[in-house]
Every structure is written in structure tokens, then in C-alpha cells.
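Notes for the structure review
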Amino acid sequence: MTLTRAAARAPFPTRWRPSAEVAAAERGVRPFGEVGEPSPPPPDSGPLRLR
């Protein structure tokens, strides 16, 4: 199965983009900062928890 077909079958909206299209889309994009941005803390699990 090709990646395009696999992306089309995904349960969420997505599509496969060729590398040339991705390179064109990110051309000129600047990073958030010199070293990037820190990740936010994880949310409080409250009464829910993973088993």
C-alpha cells in the first residue's frame, strides 16, 4: 500500500505531501527562538489515569 493511500484511510484528516511541497511550504519560516521553546507541563490526570 502506498503512503498516499495509507494517509487517505487514516481516521483523522490528513494527506501525504511530497518533499518538494513541504520544502516550499517551510521556506522562509523562522524558529521560535534561539534554542526553541520549552514544552508545556503535562496536564493533570485528575480522576483519570492510564493503566
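Placed above this text is the structure.
Sequence positions are assigned chain by chain, starting from 1 and proceeding in written order. Owing to the predicted nature of the model, reporting of local features is limited to residues with pLDDT of at least 70; listing and counting of side-chain atom pairs is limited to 80 or more, with chain, interface and lining totals taken over all residues. Excluding hydrogens and water, the side-chain figures rest on all heavy atoms present in the structure.

1. Focus: the overall build of the protein
What counts is decided by this rule: In DSSP terms, a helix is any run of H or I states spanning at least four residues, a strand is any run of E spanning at least two, and both are numbered starting from the N terminus. For each residue, the accessible area found with a 1.4 Å probe, counting protein chains only, is set against the maximum for its type, and the residue is called buried under 20%, exposed over 50%, and partly exposed in between.
Within the protein, the regular secondary structure consists of two helices and zero strands. Taken across its 51 residues, the protein has 2% of its residues classed as buried.

2. Quick notes on the pattern of salt bridges
Threshold: By convention in these notes, a salt bridge is any Lys or Arg side-chain nitrogen within 4 Å of a carboxyl oxygen on Asp or Glu.
Tallied over the full model, the rule gives one salt bridge. Taking the shortest distance from any N to any O, the salt bridge between Glu21 and Arg17 comes out at 3.5 Å. Given the relative accessible area of 42%, Arg17 is considered partly exposed.

3. Quick word on helix 2 (residues 19–26)
In terms of burial, helix 2 is a largely surface element, zero of the eight residues being buried. Where helix 2 ends, the next residue or the one after it, Gly28, has phi of about 85°, a positive value.

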